[in-house]
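The primary structure of each chain is shown beneath.
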Amino acid sequence: MFNDIGALELLTLVVLAVLVFGPEKLPKVIQDVARTIRKIREFSDSAKEDIRSELGPQFKDFEFEDLNPKTFVRKQLMDGNDDLGLKEIRESFDLRKEMAEVADAVNGRESASSGGAAASPASDGAKPDLLKKPAPPAKDERPPFDADAT
């Protein structure tokens, strides 16, 4: 609950409590606060048990933390429950492969995954030379037309 409170913040709270309540009343205030927190916890635990008993035996392993949307999503999607095939989708998505295909398409080369005879430089481990200028087209060959560039 208080995992992010450092030593300086804790010391500040203690000094502030001594100044507000005084050294004589501070132990009594601490006892009252501890008693109140204990009663709230007992009330919460008894309410949880009442709800579990009212729900019946099929909900005996029900945890109230599962009602938190973040916990629910993590439990349903990230754990072993793979009814939707999400694990296969995650494994099939390869960003490097997708980027190589896009780079090949931009440079006008056939990608290795599209079944072309020409192998991509990225497929054999060599890095493509991005600074190398393409060969000039022949005199009767038209330059490639890009409709989005005009």
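Everything in this summary refers to the structure shown in the same document. What you see is a predicted model, and the numbers here were worked out from it, not measured in a lab.

Let's shift gears to the pattern of salt bridges. Per the counting criterion, the structure on display carries three salt bridges. A salt bridge links D32 to R35, with the shortest nitrogen-to-oxygen separation between them at 3.1 Å. Taken as a pair, D32 and R35 lie in helix α1 (residues 7-55) at a separation of three residues, close to a single helical turn. Taking relative accessible area as the criterion, D32 reaches 29% and is therefore assigned partly exposed. R35 sits in the partly exposed class, given a relative accessible area of 39%. The structure contains a network of salt bridges with shared partners spanning K28, D32 and R35.

The next subject is the side chain of R52. Along the chain, the position of R52 falls in helix α1. Assessed through its relative accessible area of 17%, R52 is described here as buried. If near-sequence neighbours (up to four positions away) are discounted, R52 is found in contact with K60, F62, E63 and F64.

Turning to α1, a few remarks are in order. Taking 1.5 Å of rise per residue, the 49 residues of α1 would be expected to cover 72 Å, yet its terminal C-alpha atoms sit only 44 Å apart, more than 12% below that figure. Of all the bends in α1, the largest measures some 100 degrees and sits at G22, one to four residues before the proline P23. Backbone geometry just downstream of α1 places G56 in the positive-phi region, at approximately 110 degrees.

Thresholds, definitions, all that
Along each chain, residues carry numbers from 1 onward, in the same order as the chain's sequence is written. Only residues with pLDDT of at least 70 are given local features in this predicted model, and only at 80 or more are side-chain atom pairs given and counted; all residues enter the totals for whole chains, interfaces and linings. Processing note: side-chain calculations cover all non-hydrogen atoms of the structure and skip hydrogens and water entirely. By salt bridge we mean one thing: a side-chain nitrogen of Lys or Arg within 4 Å of a carboxyl oxygen of Asp or Glu. Helix and strand labels come from DSSP, where a helix needs a run of H or I of at least four residues and a strand needs a run of E of at least two; each type is numbered from the N terminus. A 1.4 Å probe rolled over the protein chains alone gives each residue an accessible area, and that area as a share of the maximum for its type sets the label: buried under 20%, exposed over 50%, partly exposed in between. Contacts are residue-level and defined by heavy atoms, with any inter-residue pair within 4.5 Å sufficient. To estimate the expected span of a helix, subtract one from its residue number and multiply by 1.5 Å. One axis is fitted to the seven residues ending at the residue and one to the seven starting there. The bend at that residue is the angle between these axes.

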